[in-house]
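# An overview of the molecular structure
Listed below are the residues making up each chain.
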Amino acid sequence: MPTGAPAPAALPFTSTCVAAADPSLADLRQRAGAATKIGFEEALARNHLRVLVLAVHADEIGEGLQEMAAHAPEGTAVKRTLDGAKGMFVAAETTWSGDPGSPAAWEFVQSDRGDMYRLIRKPIAGVTRVLLCGCREHRCGPPGSGCPACGSTAQTMYGPLPAGTHYKGELELAYTANIVSTEYEQTQGCPPPPDCPKPP
């Protein structure tokens, strides 16, 4: 699908404002997810692609504050033996164990010819805007680590690649999608965000 294709119509939703836990909002999100799944699967079929799921491994390249060992450039295929598995792996991000959260998992697709790509999704979306009643609820997130000398740095590796597969880098795939966008009804006079604790 060309990226200039029109977005689908927004899904209908007529409530003035709803609670964040309202069943009608959950139903709307479910319908949006189902429509997006159909659009994505149609784009895969149109481009003769199938989703390829690879195992995820962590290749440790540094401990504490020590200098990181030489590691593979992100987005390249390299030969490794990881967790007893031997073959070609796709090198992804390096992460420190003390970082809060984790990067999004990479997705891969394979063509009929055996070429494999990292999938970059390009949704062409119809957006349904929903107003949530009241003020936004603020919560403190994970504080992260207060010990930069602790933990380890590792590079995420995907693989091994199936035999006969050739990694070709990134591939953008445009597809129709539906998105639910929410914002809160009240923006004035709401309680301020809490004073969240700093890392220990």
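What comes next concerns the included structure. None of the values given here were measured: they were computed from a predicted structure.

Rules of the game
Residues numbered from 1 in each chain as written. Predicted model: local features only at pLDDT ≥ 70, side-chain atom pairs only at ≥ 80, totals over all residues. Heavy atoms only, no water. Helix = DSSP H or I, 4+ residues; strand = E, 2+ residues; numbered from the N terminus. Rg over C-alpha atoms; globule rule 2.2 N^0.38 Å. Buried < 20%, exposed > 50% of the residue type's maximum accessible area, 1.4 Å probe, protein only. Areas by Shrake-Rupley, 256 points an atom, 1.4 Å probe, with all protein chains shown as cover. Lys, Arg positive; Asp, Glu negative; His and termini not counted. Charge placed at Lys NZ, Arg CZ, Asp CG, Glu CD. Expected span 1.5 Å × (residues − 1). Contact = heavy atoms within 4.5 Å. Pairing = 2+ DSSP bridges. Axes fitted to C-alpha atoms, helices over the stretch in contact; angles between N-to-C directions. Disulfide = S-S within 2.5 Å.

### As for the overall build of the protein
Of the regular secondary structure elements, the protein holds one helix and eight strands. Here the C-alpha atoms of the protein give a radius of gyration of 22 Å, more than 25% beyond the 16 Å that 2.2 N^0.38 yields for 200 residues. Burial statistics for the protein: of 200 residues in total, 32% are counted as buried. Carbon and sulfur atoms provide 54% of the accessible area of the protein, an area that totals close to 12,300 Å². Separation of charge centres in the protein, based on 17 positive and 21 negative side chains, amounts to 6 Å.

### Structural notes on helix α1 (residues 23–46)
Look at α1: 35 Å from first C-alpha to last across 24 residues, which is about the 34 Å you get at 1.5 Å a residue. Those residues of α1 that fall on the buried side of the exposure criterion are Leu25, Leu28, Ala32, Thr36, Gly39, Phe40, Ala43 and Leu44. Summarising the contacts, the buried residues of α1 are in contact with β1 (49–52), β5 (107–111), β6 (115–132) and β8 (166–184). Just past α1, the residue His48 takes up positive phi, approximately 55°.

### A word on the sheet that holds β8
Reading across from one edge, β1-β5-β6-β8 is the order of the four strands in this open sheet, with mixed pairing throughout. Looking at which strands have only one partner, the edges of the open sheet turn out to be β1 and β8. Between one strand axis and the next, the sheet turns by 35° as a mean value, whatever way the strands run. Where β1 meets β5, four bridges bridge the pair, whose relative direction is antiparallel. Within β5, the residue paired with Val51 across the bridge is Val109. Lying on the sheet, α1 is in contact with β1, β5, β6 and β8; it crosses β8 at an angle near 155°.

### Considerations on the state of the cysteines
Applying the stated criterion to the full structure yields two disulfides. Disulfide pairing places Cys17 opposite Cys133 at an S-S distance of 2.0 Å. The S-S bond linking Cys17 to Cys133 shows a torsion near 100°; that makes this disulfide right-handed. Of this pair, Cys17 sits in the segment before α1 while Cys133 sits in the loop between β6 and β7 (152–158), and the two are 116 residues apart along the sequence. In this structure Cys17 comes out as partly exposed when scored by relative accessible area, which is 24%. Judged by its relative accessible area of 33%, Cys133 falls in the partly exposed class. With its sulfur 2.1 Å from that of its partner, Cys135 forms a disulfide with Cys190. Judged by the sign of its S-S torsion, about -80°, the cystine formed by Cys135 and Cys190 is left-handed. Residue Cys135 is found in the loop between β6 and β7, and its partner Cys190 is found in the segment after β8; the two are separated by 55 residues along the sequence. On the basis of relative accessibility, which here comes to 26%, the residue Cys135 falls in the partly exposed class.

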